[in-house]
Amino acid sequence: MVNIFKKPFFVLITLTILVGCARFSPKPLLPEKTAREFEARSLGSPNLKKFIENNLKRQIDPWPPARWDMDTLTLAAFYYSPDLDVARWKWKEAEAGIITAGGRPNPSVSLAPEYSTNPASGTSPWVLGFSFDIPIETAGKRGYRISEAKGRTHAARFALATAAWKIRSELRGALLDYFFAARTESILREQVKIQEEMLALIKERLAVGEVSEPDVMRASIDYDRALLSVRQAQSMLIEARAKVAGAIGVPVAALDGAALSVGLFETPPPLEKFSLSELRREALTNRSDILEALMRYAASQSRLQLEIAKQYPNVHIGPGYLYDQGQNKWGIGITVELPVLNGNQGPIAEAEAARSGEASRFEALQGRIIIDTGRAVAGYRSSLERLRAADRLASEKGKAVSSLEAQYNAGEIDRLALLGGEAEYEAVLLERLDGLANADRMLGFLEDALQRPLEPSTLLPAVPDQNPQERKQ
């Protein structure tokens, strides 16, 4: 009897299969460990310093910086944010899909030993044989699979860029809230000082009979209201600082001692040099979610091509060997599926519907961008006009206060009249601040519609392809 299992050929095949197998490596999640790692995050990390310096192309000295501006905070968010990790995971998963799509079907081997209980005299009772099945894909199916997988990978890469912009947008919004709360608290503190002095003067007048108790009560209520407003502004400031920390991806304690620079909100850029048509065209061609939708549509095209190609059956070639009671027999077979009962109509219809769905999704996104861009431009233009009116009012009120000061120094009015004018001026400053915050908010909506800063001088850092915390520093 011929023992085919001792042939080197079969030993080589077995070793090749065993060596090529992947091994499972467990990586358990430890909630307590990850929580401790999050609480240990710091803006003073030397690895964060290297990451920011590499992106800014300059050294930062001293470290941590004296003031954290929008650029450095954005890079810190890109370094720590877990949302980018989620987007990277989806991108890497899509990349792995290209390997899956490019895989060729493995051949198979069949062994079918038989034993004869009544062989002819002098003949081996064994019938030993094996056959291979070698599948051959037709109609370019593998190419369509790879094309679809590449389209989904490109879409996932653009989705990573979209996630990065959302992080920056959230950080900017939190920083704007911090700016508004800090400036509001500063103005309200001045109001408290004015109201406190006015209350003291009115009480002095009450003592000499120049005013009545209701006058003192009104002044006392105004003072208490100013104090309450300061407390509310302080609460807003604490909440805004926590939002900044959350947008970066660090605990609130990481911002202790860190000064936040909010100068970018002081002077919103003018809109005159930008036309609505140019901004709309830019949004419709450069936004990452538009590019992502285009890649998804391209992937759906490839999927439809693949399902159409599946109408054409694959070919299976089956060479084989049979040791039949002392006789060596070789053969070859060809197998082709006959598409007479199922022409793959269902999957083709599903792929066509998916392509139509991606087209509808793209058109809906495009329409939303057109509407959002027009609304953002109109809102920003209106907010700038409101801000200019508030600036004029604040300027006029400032001149009025200067006039009151001159009258007070000349002895024409008393201290209480001057304080009343100063209180009105602080109230106008609050209105002006509200207009400034509204303009900055509208600017944020416009930048979200464009997915880029309106001012080209503002940094828009590249999105790191891998978690910078895992990169060797």
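In this text the structure is predicted, and so the values were computed from the model without any measurement. Every chain is numbered independently, its residues counted from 1 as its sequence is written. The predicted origin of the model limits local features to residues at a pLDDT of at least 70 and limits the giving and counting of side-chain atom pairs to 80 or more, whereas totals for whole chains, interfaces and linings rest on all residues. In computing side-chain properties, one takes all heavy atoms of the structure into account and sets aside hydrogens as well as water.

A. A look at the overall build of the chain. Looking only at helices and strands, the chain has 11 helices and seven strands in total. The atom set for the radius of gyration is the C-alpha atoms, and the globule formula is 2.2 Å times the number of residues raised to the power 0.38. In terms of C-alpha radius of gyration, the chain reaches 37 Å, well past the compact-globule figure of 23 Å for 473 residues. C-alpha extents for the chain along the principal axes are approximately 140 × 50 × 45 Å. It only takes one pair of heavy atoms within 4.5 Å for two residues to be counted as in contact. Pairs at least 24 residues apart make up 79% of the contacts formed inside the chain by residues separated by at least 6 positions. Every accessible area reported is derived by Shrake-Rupley at a probe size of 1.4 Å, with residue values counting cover from the shown protein chains alone. Of the accessible surface of the chain, which amounts to about 27,100 Å², a share of 56% is contributed by carbon and sulfur atoms. Positive charges come from Lys and Arg alone, negative charges from Asp and Glu alone, with His and the N- and C-terminal ends not counted. Charged groups are reduced to one reference atom each: NZ for lysine, CZ for arginine, CG for aspartic acid, CD for glutamic acid. One way to put it: in the chain the 59 positive side-chain charges average out to a point 9 Å from where the 60 negative ones average out. Under the DSSP-based scheme used, a helix requires at least four consecutive residues in state H or I and a strand at least two consecutive residues in state E, with every element numbered from the N terminus.

B. Looking closely at a nonpolar patch on the surface. A contiguous nonpolar surface patch, about 410 Å² in accessible area, is contributed by Leu338, Val340 and Leu341. With respect to the element layout, Leu341 can be found in the loop between strand 7 (327–336) and helix 10 (345–409). Grouping into patches uses exposed residues only, defined as over 30% relative accessible area, and leaves out salt-bridged ones; the cut-off is 9 Å for like charges and 5 Å for nonpolar side chains (Val, Leu, Ile, Met, Phe, Trp, Tyr). In the sections that follow, a salt bridge refers to a side-chain nitrogen of Lys or Arg positioned within 4 Å of a carboxyl oxygen of Asp or Glu.

C. A look at the packing of helix 6 (residues 141–207) against helix 11 (residues 415–450). Contact pair helix 6 / helix 11: the axes reach a minimum separation of 10 Å and the direction vectors enclose 175 degrees. Taken as axis vectors, helix 6 and helix 11 run roughly antiparallel relative to one another. Its residues assigned to classes, the contact of helix 6 with helix 11 comprises 20 nonpolar, six polar and 14 charged. For every element, the axis is a line fit to its C-alpha atoms; helices are fit only across the contacting stretch, and the angle between N-to-C directions ranges from 0 to 180 degrees. Angle categories: roughly parallel below 35 degrees, roughly antiparallel above 145, roughly perpendicular from 65 to 115, and oblique for all the rest. Side-chain classes are defined by residue name, with Ala, Val, Leu, Ile, Met, Phe, Trp, Tyr, Cys and Pro counting as nonpolar, Asp, Glu, Lys and Arg as charged, and the others, Gly among them, as polar.

D. Inspection of the packing of aromatic side chains at higher detail. Pairs were defined over the aromatic rings of Phe, Tyr and Trp, the Trp ring being its six-membered one, requiring ring centres within 6.5 Å. Orientation was assigned from the angle between planes: stacked under 30 degrees, edge-to-face over 60, tilted for the rest. Scanning all chains against the criterion turns up seven aromatic pairs. The interplanar angle of 90 degrees and the centroid separation of 4.8 Å between the aromatic rings of Tyr79 and Tyr80 together place this pair among those described as edge-to-face. The cut-offs for exposure are 20% and 50% of the maximum accessible area for each residue type, with area from a 1.4 Å probe on protein chains only; residues under the lower value are buried, those over the upper are exposed, and the others partly exposed. The buried category is assigned to Tyr79, whose relative accessible area is 4%. When the ring of Phe179 is compared with that of Phe265, the centres are 5.6 Å apart and the planes differ by 35 degrees; the resulting orientation is tilted. Of this pair, Phe179 sits in helix 6 while Phe265 sits in the loop between strand 5 (259–260) and helix 8 (276–286); the two residues are 86 residues apart in sequence, bridging distant segments of the chain. Taking the relative accessible area as the measure of exposure, Phe265 reaches 0% and is therefore buried. Through a chain of ring-to-ring contacts, the aromatic side chains of Phe130, Phe132, Tyr321 and Trp330 assemble into a single cluster. Charge-over-ring placement is defined geometrically: NZ (Lys) or CZ (Arg) within 6 Å of the ring centre, and within 35 degrees of the ring normal. Sitting above the plane of the Trp91 ring, Lys92 keeps its charged end 4.4 Å from the centroid.

E. Representation of the pattern of salt bridges within the structure. Applying the stated rule across the entire model yields 26 salt bridges. Salt-bridge contacts for Arg189 lead to Glu185; the nearest nitrogen and oxygen are separated by 3.2 Å. You can see Arg189 and its partner Glu185 sitting in helix 6, four residues apart, about one turn around the helix. Look at Arg189 and you get partly exposed, because its relative accessible area is 42%. On the accessibility criterion, Glu185 (12% relative accessible area) is buried. Of the charged contacts in the structure, one is a salt bridge between Asp222 and Arg225, with a shortest N-O distance of 3.1 Å. Of this pair, Asp222 and Arg225 both sit in helix 7 (residues 213–248), three residues apart, which is roughly one turn of that helix.

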